[in-house]
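# Architecture and fold: a report
Here is how the chains run, residue by residue.
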There are 2 protein chains.
Amino acid sequence: MGLTKSEIFTSKQNRLALLFKALAHPARMAIIQQLLKMDTCFCGDLVSELGLAQSTISQHLLELKKAGLIKGTVEGVSVCYCIDEKTWNNVKSEVESLFISCSVKNKCC
Amino acid sequence: MGLTKSEIFTSKQNRLALLFKALAHPARMAIIQQLLKMDTCFCGDLVSELGLAQSTISQHLLELKKAGLIKGTVEGVSVCYCIDEKTWNNVKSEVESLFISCSVKNKCC
DNA sequence: CATATTAATCGCAATATTACGATTTATTTT
DNA sequence: AAAATAAATCGTAATATTGCGATTAATATG
């Protein structure tokens, strides 16, 4: 069939999977890293920084926006993007609880 | 075209993207959570735990194995899976450095 | 108001993912 | 050696993703 059976999983599993999916592309990782690093974050800057077409970058920005990781505001002709602090911090604590609190202890193999 | 241009990104960006891709499915999140929680971790247990076909689970296990997140050892007729502690800890610190050390400070929007 | 600039959206082609049933492989038990 | 059990692999269909050029939409400038 080829479509994910979201209904059989917990909402946490689905939420985390969607979050990781948003980060599961090197271009989107590059955008996130750039936004974490830079003060200015115009869409055009990202287009010239990464070696992808403008329409492609725009699509990746949409993916990140749908996941709530970034937000953009119109500034004249340009659009300024940045990390959505609120969602980012939620994500941070969810990922932390997955990776940090659960230490691998039981080895069966 | 439809294929990711890995060559234009840094190895860290590609590495993290591949890691997140492995986690970007609720079934694989469920498997990981189960392996973190349980002592026993036979493939068959996962099949009956999640509501997916055996061949589907097997494919998801392969994805996680390719990403280095889990490993499996044959025990008689069954295969016992568990988190690959070594890779898991590497992943943990990479994800930590992405999320924890980089706090969002500059707001341009 | 016409033109330039920036970014979103559309349409398309290539490729990847997801899921399942059927089959195969490997091991254990009879 | 034959039968049973568990898991990997194969083949296939449905759907999703990636990327780009072309177009559209919105704002700014001459």
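Now for a quick tour of the structure. Since the structure is predicted, the reported quantities are computational estimates derived from the model, not experimental observations.

## Overview of the packing of helix 1 (residues 11–23) of chain B against helix 5 (residues 85–99) of chain B
Residues and elements named next belong to chain B. Between helix 1 and helix 5, the least distance of the axes is 12 Å, while the angle of their chain directions is 110 degrees. In terms of axis orientation, helix 1 runs roughly perpendicular to helix 5. Of the two possible hands of crossing, helix 1 and helix 5 adopt the one that is left-handed. Along its contact with helix 1, which presents Lys12, Arg15, Leu16, Leu19 and Phe20, the element helix 5 presents Val91, Glu94, Val95, Ser97, Leu98 and Phe99. Counted by class, the contact of helix 1 with helix 5 contains seven nonpolar, one polar and three charged residues.

## Looking at the relation of the copies chain B and chain A
Two chain copies here: they are related by a rotation about an axis and a translation along the same axis. The transform that puts chain B on chain A rotates by 180 degrees and translates by 0.0 Å along the axis, for an RMSD of 0.0 Å. When the rotation and shift are considered jointly, the pair of chain copies conforms to a two-fold rotation axis. Among all C-alpha atoms of chain B, that of Phe20(B) lies closest to the rotation axis, at 2.5 Å. When the interface residues of chain B are mapped onto chain A, 100% of them again lie at the interface, so the same face is used by both copies.

What counts and what doesn't
- Residues numbered from 1 in each chain as written.
- Chains lettered and ligands numbered in written order.
- Predicted model: local features only at pLDDT ≥ 70, side-chain atom pairs only at ≥ 80, totals over all residues.
- Heavy atoms only, no water.
- Axes fitted to C-alpha atoms, helices over the stretch in contact; angles between N-to-C directions.
- Helix = DSSP H or I, 4+ residues; strand = E, 2+ residues; numbered from the N terminus.
- Parallel < 35°, antiparallel > 145°, perpendicular 65-115°, else oblique.
- Left-handed = near helix turned anticlockwise from the far one by under 90°.
- Contact = heavy atoms within 4.5 Å.
- Nonpolar A, V, L, I, M, F, W, Y, C, P; charged D, E, K, R; others polar.
- Least-squares fit on C-alpha atoms with pLDDT ≥ 70 in both.

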